[in-house]
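Tertiary structure, described
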Amino acid sequence: METPQYFEAFPDFAFERTRSGVLTLRLHSAGGPALLSSRLHRDFPRVLRQIADDRANKVLVLTGTGDHFMTEMDLTEDRQAFKPLNWDEIFWEGRQVLRALVDLPMPIVAAINGPATIHSEWVLLGDITIAAQTTHFQDLPHLSGEVVPGDGIHVVWEEILGMNRARYAALTQQVIQADEALRLGMVNEVVPSSKVLPRAVELAEALAARPSLLLRLTPLALRQRLAKRLEEGTTLGLALEGLSMADKPYQN
């Protein structure tokens, strides 16, 4: 089977596909755990569009690298996000990646390989979520960076946790450990770290045996509420986040 060109086109994304059409997409930075960078943020919606357009992909397994999903940022390519034109880029990228995830015409199995304190909503949008025992969730960068949490995490956490728990988590930077996440319904299974990806692939392979059209259409039916909520919530949310970012140069 010929390797698609996009498999080699994105430095922060590694691809592996089985004969049955299970595509594993692994986020990384220089082969190690993924750091949130401007490039990764910019490329992720482009990656998802390529995956969606390739009908050889029947199920997506989304995961990170090493012992955590994402906990750090690398903003050496500083876009000076407080400037409106630069924030406009981030605004559209942020909306596009969430749209691409909820519109992806295939089931998504998230293999959450460890702590997810930055953009946990990316993996929590998975139709099936498998977490390592070492995983914990937290919205770390927003309150710490003194910006509004409006990039989609506010919608996804509210949908999963309920309004009061989500507001508490955002305003206290609550850390939710894997077992508590399972109890609260944030994830579907918690397994040892070594079994996260194998279990996710096992579930994905079972799904890949189903008819192709069923796989393409069922997730879209199951994600209708999420798609609507994200469309409503991120337009205003990201605008408010950008406004709080624009205030940073004027803070004492």
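What comes next is a walk through the structure. Source: prediction; values computed, not measured.

**Overview of the overall build of the protein chain**
Along the protein chain, the regular secondary structure elements total ten helices and ten strands. Relative to the compact-globule value of 18 Å for 252 residues, the protein chain shows a C-alpha radius of gyration of 17 Å, a close match. Taking the principal axes of its C-alpha atoms as reference, the protein chain extends roughly 60 × 40 × 35 Å. Within the protein chain, the proportion of its 252 residues that are buried is 52%. Taking all contacts inside the protein chain whose residues are at least 6 apart in sequence as the whole, residues at least 24 apart take part in 73%. When the accessible surface of the protein chain is totalled, it reaches about 12,200 Å², and 54% of it is carbon and sulfur. In the protein chain, 25 side chains carry a positive charge and 32 a negative one; their mean positions are 6 Å apart.

**Some remarks on a nonpolar patch on the surface**
A surface patch of nonpolar side chains, amounting to about 270 Å² of accessible area, comprises Leu213, Leu217 and Leu220. A residue is classified by how much of its surface remains accessible, and Leu217, at 47% relative accessible area, is partly exposed.

**Concerning the environment of Phe137**
With respect to the secondary-structure elements, Phe137 resides in strand S8 (residues 136-137). C-alpha of Phe137 to C-alpha of Gln177: the two residues are 40 residues apart in sequence and 6.5 Å apart in space. With sequence-adjacent residues up to four places away left out, Phe137 is seen in contact with Ile112, Ala116, Ser120, Leu124, Trp157, Gln174, Val175, Ile176, Ala181, Met186 and Val187.

**Thoughts on the pairing of strand S1 (residues 13-17)**
Along S1, four of the five residues are buried, which leaves the element largely enclosed by surrounding structure. Note that S1 and strand S2 (residues 22-27) share five bridges and pair antiparallel. Bridging from a neighbouring strand, Glu16 pairs with Thr24 of S2. A loop of four residues connects S1 with S2, the two strands running antiparallel in sequence, and Gly21 in this loop sits at a positive phi of about 100°.

**Quick notes on the pattern of salt bridges**
Summed over the entire model, instances satisfying the criterion amount to twelve salt bridges. Close ionic contact of Arg99 with Glu231 constitutes a salt bridge, the shortest N to O distance being 3.1 Å. Pair noted here: Arg99 is in helix H2 (residues 84-103) and Glu231 is in helix H10 (residues 224-246), with a separation of 132 residues, a long-range link. On the basis of relative accessibility, which here comes to 36%, the residue Glu231 falls in the partly exposed class. Salt-bridge contacts for Glu159 lead to Arg229; the nearest nitrogen and oxygen are separated by 3.0 Å. With Glu159 in helix H5 (residues 153-161) and Arg229 in helix H10, the pair connects residues that are 70 residues apart, well separated along the chain. With relative accessibility at 25%, the residue Glu159 sits in the partly exposed group. A relative accessible area of 17% places Arg229 in the buried class. One connected set of salt bridges, linked through shared partners, spans Glu158, Glu159, Arg225 and Arg229.

**A closer look at H10**
If you check H10, its first and last C-alpha atoms are 33 Å apart, about what 23 residues at 1.5 Å a residue would give, namely 33 Å. The largest bend along H10 measures about 30° and falls at Thr234. Every buried residue belonging to H10 is among Arg229, Leu230, Gly233, Thr234, Gly237, Leu238, Glu241, Gly242, Ser244 and Met245, and all of these are buried. Among the structural elements, H2, helix H4 (141-144) and H5 are those in contact with the buried residues of H10.

Criteria and cut-off values
- Residues numbered from 1 in each chain as written.
- Predicted model: local features only at pLDDT ≥ 70, side-chain atom pairs only at ≥ 80, totals over all residues.
- Heavy atoms only, no water.
- Helix = DSSP H or I, 4+ residues; strand = E, 2+ residues; numbered from the N terminus.
- Rg over C-alpha atoms; globule rule 2.2 N^0.38 Å.
- Buried < 20%, exposed > 50% of the residue type's maximum accessible area, 1.4 Å probe, protein only.
- Contact = heavy atoms within 4.5 Å.
- Areas by Shrake-Rupley, 256 points an atom, 1.4 Å probe, with all protein chains shown as cover.
- Lys, Arg positive; Asp, Glu negative; His and termini not counted.
- Charge placed at Lys NZ, Arg CZ, Asp CG, Glu CD.
- Patch = residues over 30% accessible without salt bridge, like charges linked within 9 Å, V, L, I, M, F, W, Y side chains within 5 Å.
- Salt bridge = Lys/Arg side-chain N within 4 Å of Asp/Glu carboxyl O.
- Pairing = 2+ DSSP bridges.
- Expected span 1.5 Å × (residues − 1).
- Bend = angle between axes of the 7 residues up to and from the residue.

So yeah, pure geometry; function would need other evidence.
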